[in-house]
Amino acid sequence: MTKISTSTRNGIGMPLVGFGTYQLSVDQAESCVKEAIATGFRHIDSAEGYQNEEGTGRGLKAAGVSRDDLFVTTKLFPGYKQWGAPEKDFQQTVDTLKKQLGELQLDYVDLYLIHAPLSELRLEQWSALEELKKSGLTRHIGVSNYSEKNLQEILDANLAKPEANQVEFHPICARADLTGYMKKNSIAPIAYSSLAPLSTWRIEEGQGGEVLAEIKEECQSVTQEIAAALNVSEAKLLLRWGLQHGYAVLTKSSKPERIRENLDLFDFEIPDSDMARLNQINQNQAIAWAASGINPMEAAPPLN
Ligand SMILES: NC(=O)c1ccc[n+]([C@@H]2O[C@H](COP(=O)([O-])OP(=O)(O)OC[C@H]3O[C@@H](n4cnc5c(N)ncnc54)[C@H](OP(=O)(O)O)[C@@H]3O)[C@@H](O)[C@H]2O)c1
């Protein structure tokens, strides 16, 4: 097994544990991003769709850490006809990142992603990301919620290969084929919603964590047993499981003690036998977007 330490980075120089900002208000984004950086996080994950980038920008600034030491990702919301959200063309994609940089108070981001393959214009949007990389407004470009088919579509069009793909990844949703495809093509894997199997995941009013609660029970009985045997929390076990699969992991909390806990993943290892037990739980069942009624990985409309 590759030795994983606090300083290990993936193929695009990304610190392996990132702080996520979904479902934080603007004010919470400011205080939690500042707190996360003070705790030691150097990788922050944002998105146009989170509607809090102004707060994230204030938090980044207030943290007082050199820009060179931070790895900041953000995402383009591509538009989605079924939600009545207009699809962005080339120029609108370029303009969107410029607007986001203003809110984040940054000159560039380290990684810019198409949030999901929800638009018929996704190849045009991808060409715009190539342009944004050339102009230095982002250091790296990638996608999120792209299946093998959607990744292959980009390669078949002879466009630049995505450098990363951010996907839901936890023992109930492990997608071994996609993970293998990304490894074969050197596309850096980034996990989101690693904590979705927990009973404490998104439990506040309106966060949508109650969906598919029944399918988490089997996973919870296994994580409880293994976490107790290793003397770690279930949250740490789930995050470490992602790391041991070669993923960078993202984790969000509004609570300082959990922000600390979620970065503290480097002083234990999950034995192979327990990794195998956790791997057996897989149902390729996406949970994170379920409350909004779609599985983004299966929602791509035909190309325009
Ligand atoms: N690309 C995409 O489509 C996509 C989709 C979803 C997420 N993401 C990114 O990935 C990040 C992480 O995913 P996520 O927001 O689903 O977060 P997560 O880290 O998997 O789970 C967060 C939830 O778990 C709770 N929690 C956090 N730490 C905990 C701990 N140590 N013990 C017990 N409960 C804990 C949090 O509650 P408290 O806040 O109350 O602590 C919150 O309800 C997002 O913030 C976002 O940046 C991307």
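Our subject is the structure that appears above.
## A closer look at the overall build of the chain
Link 1 in the chain: Across its full length, the chain holds 10 helices and eight strands.
Link 2 in the chain: Expected size for 304 residues packed as a compact globule is a radius of gyration near 19 Å; at 18 Å, the chain falls within 12% of this value.
Link 3 in the chain: The 304 residues of the chain split such that 46% are buried.
Link 4 in the chain: Within the chain, contacts between residues separated by at least 24 positions form 76% of all contacts whose residues are at least 6 apart in sequence.

## Some remarks on the packing of helix α7 (residues 217-230) against helix α8 (residues 234-244)
Link 1 in the chain: Here α7 crosses α8 at 95 degrees, and the two axes come no closer than 9 Å. The pairing of α7 with α8 is recorded here as roughly perpendicular in orientation. Listed contacts from α8 to T223, Q224, I226, A227 and L230 of α7 are E234, L237 and L238.

## A few points about the site of the ligand
Link 1 in the chain: The local shell around the ligand holds 29 residues, among which G20, Y192, L195, A235 and K252 are the closest.
Link 2 in the chain: Of all elements in the fold, only β8 (248-251) and α9 (256-263) reach the threshold of two or more residues within the shell around the ligand.
Link 3 in the chain: Counting residues per element, the shell around the ligand draws most heavily on α9, at three residues.
Link 4 in the chain: Residue composition of the shell around the ligand, grouped by class: nine nonpolar, 14 polar and six charged.

## Observations regarding the sheet that holds strand β4 (residues 109-114)
Two pairing modes exist for strands in a sheet, parallel and antiparallel, and in both the strands are linked by backbone hydrogen bonds.
Link 1 in the chain: With parallel pairing, eight strands are arranged side by side around a closed barrel as β1-β2-β3-β4-β5-β6-β7-β8. Between one strand axis and the next, the sheet turns through 30 degrees on average, direction left out of account.
Link 2 in the chain: Sheet analysis places strand β7 (residues 188-192) next to β8, joined by two bridges and oriented parallel. Bridge pairing links A191 to V249 in β8.
Link 3 in the chain: Of the strands in this sheet, β3 (71-76), β4 and β5 (138-144) are in contact with helix α4 (residues 122-134), which crosses β4 at around 170 degrees.

## A closer look at the pairing of β7
Link 1 in the chain: When you tally the buried positions in β7, you get five out of five residues, the bulk of the element.
Link 2 in the chain: Side-chain alternation along β7 places A188, I190 and Y192 on one buried face and P189 and A191 on a second face that is also buried.
Link 3 in the chain: Of the pairings in the sheet, the one linking strand β6 (residues 164-168) to β7 comprises five bridges and is parallel in character. Within the sheet, the bridge partner assigned to E168 lies in β7 and is Y192.
Link 4 in the chain: For the crossover that starts at β6, traverses helix α6 (residues 176-184) and ends in the parallel β7, the hand is right-handed.

## Here's the deal with helix α2 (residues 53-63)
Link 1 in the chain: Taken as a whole, α2 has its buried residues at E53, G55, T56, G57, R58, G59 and L60.
Link 2 in the chain: Residues of α2 that are buried sit in contact with α1 (26-39), β2 (43-45), β3 and α3 (90-104).
Link 3 in the chain: Taken from the residues just after α2, G64 is the one with a positive phi, measuring 70 degrees.

## Some thoughts on unusual backbone geometry
Link 1 in the chain: Its identity as a non-glycine residue notwithstanding, N158 has a phi of 60 degrees, on the positive side.
Link 2 in the chain: When you line up the elements, N158 lands in the loop between α5 (148-156) and β6.
Link 3 in the chain: Despite not being glycine, S193 has its phi angle at roughly 55 degrees, a positive value.
Link 4 in the chain: On the secondary structure map, S193 appears in the loop between β7 and α7.
Link 5 in the chain: In this structure S193 comes out as buried when scored by C-beta crowding, with 24 C-beta atoms within 10 Å.

## Observations concerning the nonpolar core
Link 1 in the chain: The biggest cluster of nonpolar side chains holds 72 residues, and the ones touching the most others in it are V33, Y112, A191, A248 and V249.
Link 2 in the chain: With six residues, α8 is the largest single contributor of residues to this core.
Link 3 in the chain: With residues near it in sequence (within four places) discarded, Y112 still touches T74, L76, L97, L129, L132, T138 and I141.

## Description of the pairing of β5
Link 1 in the chain: In terms of burial, β5 is largely enclosed, as six of its seven residues are buried.
Link 2 in the chain: In the sheet, β4 pairs with β5 via five bridges, with the strands oriented parallel. Each residue of the ladder has a partner; that of L113, found in β5, is G142.
Link 3 in the chain: Chirality of the crossover, the property in question, places the unit of β4, α4 and β5 among those that are right-handed.
Link 4 in the chain: Examined bridge by bridge, β5 and β6 share two bridges and lie parallel to one another.

## Observations concerning the environment of V222
Link 1 in the chain: You can see V222 is positioned in helix α7.
Link 2 in the chain: Spatially, the C-alpha atom of V222 lies 8.8 Å from that of I281, the residues being 59 residues apart in sequence.

What counts, and at which threshold
Each chain has its residues counted from 1, running along the sequence as written. Selection of residues for local features in this predicted model requires a pLDDT of at least 70, selection of side-chain atom pairs for listing and counting requires 80 or more, and totals for whole chains, interfaces and linings are taken over all residues. Under the scheme used here, helices are H or I runs from DSSP no shorter than 4 residues and strands are E runs no shorter than 2 residues, and both carry numbers assigned from the N terminus. Our radius of gyration looks at C-alpha atoms and nothing else; its globule reference is 2.2 Å times the residue count to the power 0.38. To sort residues by exposure, count the other C-beta atoms lying within 10 Å of each residue's C-beta; 20 or more gives buried, 12 or fewer gives exposed, and values between give partly exposed, all with C-beta atoms placed from the backbone. Residue pairs qualify as contacts under a 7 Å threshold applied to their C-beta atoms, which are placed from the backbone. Interaxial angles span 0 to 180 degrees and are taken between N-to-C directions of axes, which are lines fitted to C-alpha atoms, for helices over the stretch in contact. Each angle gets one of four labels, with under 35 degrees taken as roughly parallel, over 145 as roughly antiparallel, 65 to 115 as roughly perpendicular, and the rest as oblique. Throughout this description, a residue near a molecule or strand is one whose C-beta atom, derived from the backbone, lies within 6 Å of it. Each residue is assigned to one of three groups, with Ala, Val, Leu, Ile, Met, Phe, Trp, Tyr, Cys and Pro labelled nonpolar, Asp, Glu, Lys and Arg labelled charged, and all others, Gly among them, labelled polar. Whether two strands pair depends on DSSP finding at least two bridges between them. The handedness of a crossover follows from its direction of travel: if, with the strands pointing away from the viewer, the path from the first strand over the helix to the second runs clockwise, the crossover is right-handed. By our criterion, buried Ala, Val, Leu, Ile, Met, Phe, Trp, Tyr and Cys residues that link up through C-beta atoms within 7 Å make up a nonpolar core.

These figures come from the coordinates and say nothing about function on their own.
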